[in-house]
Amino acid sequence: MVIEVVRIGQRLVRDDRVTTHVALVSRGFGAEKIYMTEVNPEIKDTIEKINNTWGGDFKIEFIEKWKSIVKKKKDEGFKVIHLSMYGENINNAQKKIRDEKNLLIVVGAEKVPREIYELADYNVGVGSQPHSEISALAILLDRIQEGKQFEKEFPNAKRKIIPTKNGKNVQIKETRD
Ligand code: SAM
């Protein structure tokens, strides 16, 4: 299963940190790529540094129009999951979603255009209370992959954490393979 994420909109400056965290959660929780509109371009350097140090090839692409990417991915056979507190409860939707092949997950920053509700194959609520795109995304990614994303290797890492009950154990490689 390939999982990609789109973030629609951003409240300028104020949202820089949240946007970075949406990208980091996407990467850390098993998505392969994120598409973003209206963001601080520095985020590309941040993600590149993280990939360099901690491995993997997570991709970030800036897009002009969210609708074009949603339509393109639908044409490629991806199912579109829009995270919204108004959507179907995740507890009821998760099983069907796990059976899909490739997924494009859409998260908003503020009020999202009405059209996305119709374009989405699933509108999914992580509960029906307002919280955050970071938490909603993390929980959806975890429910879909049922924790298996945390067993995945990030290839070519310069640093690799060896999980330990006490302290920090980090394996350091000088060069990428
Ligand atoms: N009132 C806004 C709205 O109309 O959706 C809330 C925006 S919230 C700050 C930003 C994004 O977080 C939303 O677009 C949605 O993707 C996600 N989100 C927030 N609460 C959620 C929930 N309970 N379930 C799923 N997604 C949620």
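Residues numbered from 1 in each chain as written. Predicted model: local features only at pLDDT ≥ 70, side-chain atom pairs only at ≥ 80, totals over all residues. Heavy atoms only, no water.

- Under an unreviewed UniProt entry, the name given to the protein is tRNA (cytidine(56)-2'-O)-methyltransferase, and the source organism is Candidatus Nitrosopumilus sediminis.
- If you open the UniProt record of the protein and go to Sequence similarities (unreviewed entry), you find "Belongs to the aTrm56 family."
- According to the UniProt record, the Subcellular location (unreviewed entry) comment for the protein reads "Cytoplasm". (UniProt positions renumbered as here; feature names shortened; annotations may be inferred.)

### A closer look at the UniProt feature "binding site: S-adenosyl-L-methionine" (unreviewed entry) in the protein
So, point 1. Sequence positions flagged by UniProt for "binding site: S-adenosyl-L-methionine" (unreviewed entry) are, in local numbering, Leu-83, Gly-108, Ala-109, Glu-110, Lys-111 and Val-112. Taken along the chain, the residues just named run across 30 residues; in space they keep tight, none of their C-alpha pairs more than 12.1 Å apart.
So, point 2. With respect to the element layout, Leu-83 can be found in strand β4 (residues 79-89).
So, point 3. In contact with Leu-83, other than residues within four places in its own chain, are Ile-105, Val-106, Val-107, Val-124, Val-126, Ala-136, Leu-137 and Leu-140. (Helix = DSSP H or I, 4+ residues; strand = E, 2+ residues; numbered from the N terminus. Contact = heavy atoms within 4.5 Å.)

### Quick word on the site of the ligand
So, point 1. Around the ligand, 18 residues are found, and the nearest of them are Leu-83, Val-126, Gln-129, His-131 and Glu-133.
So, point 2. One nitrogen or oxygen atom from the main chain of Leu-83 is found 2.7 Å from an oxygen atom belonging to the ligand.
So, point 3. Gln-129 has a polar backbone atom sitting 2.7 Å from a nitrogen atom of the ligand.
So, point 4. The fraction of the free accessible surface of the ligand (560 Å²) that becomes covered by protein chains is 86%.
So, point 5. The biggest single contributor to the shell around the ligand is β4, with three residues.
So, point 6. Along the lines of polarity and charge, the residues of the shell around the ligand split into nine nonpolar, seven polar and two charged. (Near = heavy atom within 4 Å. Polar contact = N/O pair within 3.5 Å; in protein donor to acceptor, adjacent residues only side chain to side chain. Areas by Shrake-Rupley, 256 points an atom, 1.4 Å probe, with all protein chains shown as cover. Nonpolar A, V, L, I, M, F, W, Y, C, P; charged D, E, K, R; others polar.)

### Things to note about the sheet that holds strand β5 (residues 103-108)
The pairing of strands in a sheet happens through backbone hydrogen bonds and is either parallel or antiparallel.
So, point 1. Pairing is parallel across the open sheet formed by six strands, whose spatial order is β3-β2-β1-β5-β4-β6. Two strands lie at the open edges of the sheet, namely β3 (59-62) and β6 (122-125), each paired on one side alone. Ignoring strand direction, the axes of neighbouring strands in this sheet form an average angle of 30 degrees.
So, point 2. Strand direction decides the pairing type here: β4 and β5, joined by four bridges, are parallel. The partner of Lys-79 across the bridge, within β5, is Leu-103.
So, point 3. Strands β1 (3-8), β4 and β5 of the sheet are contacted by helix α6 (residues 133-145), whose axis makes an angle of about 160 degrees with β5. (Pairing = 2+ DSSP bridges. Axes fitted to C-alpha atoms, helices over the stretch in contact; angles between N-to-C directions.)

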